Amino acid sequence: MADQTYDYDVLVIGAGPGGYVAAIRAAQLGLRTACAESRETLGGTCLNVGCIPSKAMLHASEYFEAAKGGAMAEMGIEVTPKLNLEKMHAQRIDAVGGLTKGIEFLFRKNKVDWLKGRASFEGAHAVKVGDKSYTAKNVVIATGSSVTPLPGVTIDQKVVVDSTGALELPKVPRKMVVIGGGVIGLELGSVWRRLGAEVTVVEFLDQLLPGMDMDVRKEAAKIFKKQGMALKLGTKVTGVSVKGAKATLTVEPAAGGAGETLEADCVLVSIGRRPNTDGLGLDAIGLELNPRGQIETDHDFATKVPGVWAIGDVIPGPMLAHKAEDEGIAVAENIAGMTGIVNHDVIPGVVYTQPEIAGVGLTEEAAKERGEVKVGKFPMMANSRAKTNHEPDGFVKVIADAKTDRVLGVWCIASVAGTMIAEAALAMEFGATSEDIAYTCHAHPTHSEAIKEAAMAVTGKPIHM
Ligand code: FAD
Ligand code: NAD
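Definitions and cut-offs
Residues numbered from 1 in each chain as written. Chains lettered and ligands numbered in written order. Predicted model: local features only at pLDDT ≥ 70, side-chain atom pairs only at ≥ 80, totals over all residues. Heavy atoms only, no water. Domains from an automatic or database assignment. Contact = heavy atoms within 4.5 Å. Buried area = accessible area lost by both parts, 1.4 Å probe. Salt bridge = Lys/Arg side-chain N within 4 Å of Asp/Glu carboxyl O. Polar contact = N/O pair within 3.5 Å; in protein donor to acceptor, adjacent residues only side chain to side chain. Helix = DSSP H or I, 4+ residues; strand = E, 2+ residues; numbered from the N terminus. Nonpolar A, V, L, I, M, F, W, Y, C, P; charged D, E, K, R; others polar. Near = heavy atom within 4 Å. Phe/Tyr/Trp six-rings, centres within 6.5 Å; stacked < 30°, edge-to-face > 60°. Buried < 20%, exposed > 50% of the residue type's maximum accessible area, 1.4 Å probe, protein only. Lys NZ or Arg CZ within 6 Å of the ring centre and 35° of its normal. Areas by Shrake-Rupley, 256 points an atom, 1.4 Å probe, with all protein chains shown as cover. Core = buried A, V, L, I, M, F, W, Y, C linked by side-chain atoms within 4.5 Å. Pairing = 2+ DSSP bridges. Axes fitted to C-alpha atoms, helices over the stretch in contact; angles between N-to-C directions. Expected span 1.5 Å × (residues − 1).

Peer 1: Can you lay out the domain arrangement of the protein for me, pointing to particular residues and giving the numbers?
Peer 2: Frequently, the measure chosen for interface size is the accessible area that the parts lose on association. With domains assigned, the protein is organised as domain 1 (8-147 + 274-335), domain 2 (160-271) and domain 3 (349-457). The gap between the C-alpha centroids of domain 1 and domain 3 is 30 Å. Counting from both sides, the interface comprises six residues of domain 1 and, opposite them, four residues of domain 3. Both faces combined, the contact of domain 1 with domain 3 buries some 520 Å², and carbon together with sulfur accounts for 62% of it. Here domain 1 and domain 3 share zero salt bridges between them. For the interface between domain 1 and domain 3, the tally reads two residue pairs in polar contact (both at pLDDT 80 or more). With three residues, helix H3 (residues 51-68) is the largest single contributor of residues to the side of domain 1 that touches domain 3. Classifying every residue of the side of domain 1 that touches domain 3 gives three nonpolar, no polar and three charged.

Peer 1: Residues and numbers for the site of ligand 1, please.
Peer 2: Around ligand 1 there are 38 residues in total, and Glu37, Thr45, Lys55, Ala119 and Ala321 lie nearest to it. Gly18 has a polar backbone atom sitting 2.9 Å from an oxygen atom of ligand 1. Elements with a contribution of two residues or more to the shell around ligand 1: helix H1 (17-28), strand S2 (33-37), helix H2 (44-49), H3 and helix H9 (321-335). Broken down by element, the residue count for the shell around ligand 1 peaks at four residues, all from H2. Split into classes, the residues belonging to the shell around ligand 1 amount to 16 nonpolar, 16 polar and six charged.

Peer 1: Report on the packing of aromatic side chains, specifying residues and quantitative values.
Peer 2: The final tally for this structure, using the stated rule, is one aromatic pair. Taking the centre distance of 6.3 Å and the plane angle of 45° together, the rings of Tyr8 and Tyr134 count as tilted. Here Tyr134 lies in strand S6 (residues 132-141) and Tyr8 lies in strand S1 (residues 8-13), a separation of 126 residues in the sequence. Judged by relative accessible area, which is 11%, Tyr8 ranks as buried. The class for Tyr134 is buried, based on a relative accessible area of 16%. A cation over a ring is seen here: Lys116 above Trp114, with NZ or CZ 4.3 Å from the ring centre. Its guanidinium or amino end placed over the ring of Phe395, Lys377 lies 4.3 Å from that ring's centre, counting from NZ or CZ.

Peer 1: Pulling in residues and values, what's your account of the site of ligand 2?
Peer 2: Neighbouring residues of ligand 2: 22 residues in total, closest Ile184, Glu187, Glu203, Gly272 and Val350. Contacts to ligand 2 include Ile184, whose backbone N or O atom sits 2.9 Å from an oxygen atom. Within the side chain of Glu203, an N or O atom sits 2.6 Å from an oxygen atom of ligand 2. Calculation on ligand 2 without its partners gives an accessible area of 840 Å², and the protein chains cover 78% of this total. In terms of residues, the shell around ligand 2 owes the most to one element, helix H7 (residues 183-194), which gives three residues. The class makeup of the residues in the shell around ligand 2 is 13 nonpolar, five polar and four charged. Here the shell around ligand 2 gathers at least three residues from each of two domains, domain 1 (8-147 + 274-335) and domain 2 (160-271).

Peer 1: Give a description of the nonpolar core that names residues and reports values.
Peer 2: For soluble globular proteins, nonpolar side chains are generally found buried alongside one another. Counting residues in each nonpolar core, the largest one holds 56 residues, and the members touching the most others are Leu11, Phe107, Phe121 and Ile141. Counting residues per element, this core draws most heavily on H1, at seven residues. Apart from residues no more than four positions distant in its own chain, Ile141 is found in contact with Ile13, Phe121, Leu280, Leu282, Leu287, Ile295, Val308, Trp309, Ala310, Ile311 and Val314. With 41 residues, the next largest nonpolar core counts Met57, Ala166, Met212 and Ala367 among its residues.

Peer 1: Describe the sheet that holds strand S19 (residues 356-361), with residues and values.
Peer 2: With antiparallel pairing, five strands are arranged side by side in an open sheet as S18-S19-S22-S21-S20. Both edges of this open sheet fall to strand S18 (349-351) and strand S20 (373-379), since each of them pairs with a single strand only. Neighbour-to-neighbour, the strand axes of this sheet turn through a mean angle of 10°, independent of strand direction. When S19 meets strand S22 (residues 407-414), the two strands line up antiparallel, connected through six bridges. Across the sheet, residue Ala358 finds its bridge partner in S22, namely Cys412. In this fold helix H12 (residues 417-429) packs onto S18, S19, strand S21 (395-401) and S22, with an angle of close to 10° to the strand it touches most, S19. Sheet strands in contact with helix H14 (residues 449-458) are S20, S21 and S22, and its direction is about 140° off that of S20.

Peer 1: Could you give me a rundown of the pattern of salt bridges, with the residues and numbers involved?
Peer 2: The full count for this structure, using the stated rule, is 18 salt bridges. With its nearest N and O atoms 4.0 Å apart, the salt bridge here joins Lys236 to Glu252. Of the two residues, Lys236 sits in strand S12 (residues 235-243) while Glu252 sits in strand S13 (residues 246-253), which places them 16 residues apart along the sequence. On the basis of relative accessible area, Lys236 is assigned to the partly exposed category, the value being 29%. One salt bridge in this structure joins Lys246 and Asp265, with 4.0 Å as the shortest N-O distance. Placement of the pair is Lys246 in strand S13 and Asp265 in the loop between strand S14 (260-264) and strand S15 (266-269), with a sequence separation of 19 residues. For Lys246, a relative accessible area of 39% gives the class partly exposed. Connected through salt bridges with shared partners, the residues Asp213, Asp215, Glu364, Lys368, Lys377 and Lys397 form a single ionic network.

Peer 1: Just give me the short version of H9, but keep the residues and values in it.
Peer 2: Taking 1.5 Å per residue, 15 residues should reach 21 Å; H9 reaches 21 Å between its end C-alpha atoms and fits that length. For H9, the tally of buried residues reaches eleven of 15 residues, placing the bulk of the element in the interior. When we look at burial in H9, the residues that qualify are Ala321, Lys323, Ala324, Glu327, Gly328, Ala330, Val331, Ala332, Glu333, Asn334 and Ile335. Note on H9: the residue one or two positions beyond its end, Gly337, has a positive phi of about 90°.

Structural data, given as structure tokens:
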């Protein structure tokens, strides 16, 4: 299969979860593979400044909050925790270091050449990395995404931070304002609230978490408020000024009306991310971007330019690490002449707050636009394990086609919703009906029994409700 006309069969640009997985799979399939990365370490946004460090801080701060009050005291464990923020950061840095080194090991093991430096196209089969040029029969663009800036607001990573700055704050802010009530704002806002900050989330839309099921969005807002987060929904930020260590924000209702000012010693800008294509030299190969700045591909992840492929955050679809990884495997298999497929209808999404918020498939709103549906819901309050663990918040909701009973979407708010949703994704991948889930034996006592009960509720027959 190897074509000696080129330096490589496959050259992947970007070593995030999309790129590094594509490179490893290509090498496993016997292709001579290189992966170019401009960052000092492998693993992309996800391992360096995204999924992994944020989960390290979420996990640690969750323990801190449990010790501080509520949860542990309720179980008879009375302690007064002392925050050692330096150590909390050290374990985050440690987790990142271990995992990024792990990718280096996997590259060596699979004989993937790591080309260090920024890559740009010189031609469809020619890529410059740093000051060296390489040729490749196939080039995979996996350059990921970066923070969307808010016009007129300068990120100084001290008072006004993006997600990277918010992971590394050297002290707990007294007052933090989060601009954007999406996944990053809620996860990182939760970290600092748990550690003692007064957190206000300013969201332009009238609900948090766009894209999720409306029941989930409403319930999530109630839970975050109960936890002490102030929410300003339907509100836009019109300006941020910084004087010394303090920021003043001017905000006003999105629909118009009288504005107000908010003071903060930390402002997190988390209004979304945009694809990384600057400086890639796409002009050199005649590859155009769509109006959202993304690279379009066909179902096989091939772009319009023969031999050039694209995956991950730089192409349309949810900006999620597991979506990028699956596309990485599929693109490598397609390059190798196999059939690599990603089912974009079944990509789970999880918000790692406490409780976790997860979903897969269609929202009830989207499902209803396509036809008649049946919906089953089951509260975590009625799940024996959640109740015993003092985790009563949330519910599971199963949405099924009214005629065929095929499951179209599953949504959960539960302490371990991120783990529970895997079952729903698997069921949907196999085309399950709600009856299939309802008649599958689930271990007792587990949170997952709530999925079974919600599936039973689709036909109106849950047992514990
Ligand atoms: P990236 O991970 O962005 O990797 C692209 C790589 O390409 C980068 O390392 C970049 O340096 C490199 N690169 C770019 N241009 C060039 C060039 N010209 N030459 C060489 N190298 C280049 N997703 C989840 O699924 N779960 C989570 O819990 C989660 N948490 C997140 C938390 C935060 C704070 C953030 C910011 C994101 C989070 N995400 C999460 C999203 C996830 O990180 C991304 O969806 C994922 O990393 C995308 O993978 P990718 O391979 O497409 O791109
Ligand atoms: P997001 O798209 O999830 O949320 C951005 C929010 O900001 C939206 O609710 C939007 O309405 C709001 N917004 C936009 N402009 C605004 C403005 N001017 N004022 C107030 N609100 C405004 O984006 P994010 O939270 O920045 O996350 C970026 C990406 O990273 C997401 O696509 C997400 O998938 C990914 N991510 C995933 C995870 C996870 O899977 N757990 C965690 C973090 C990030």
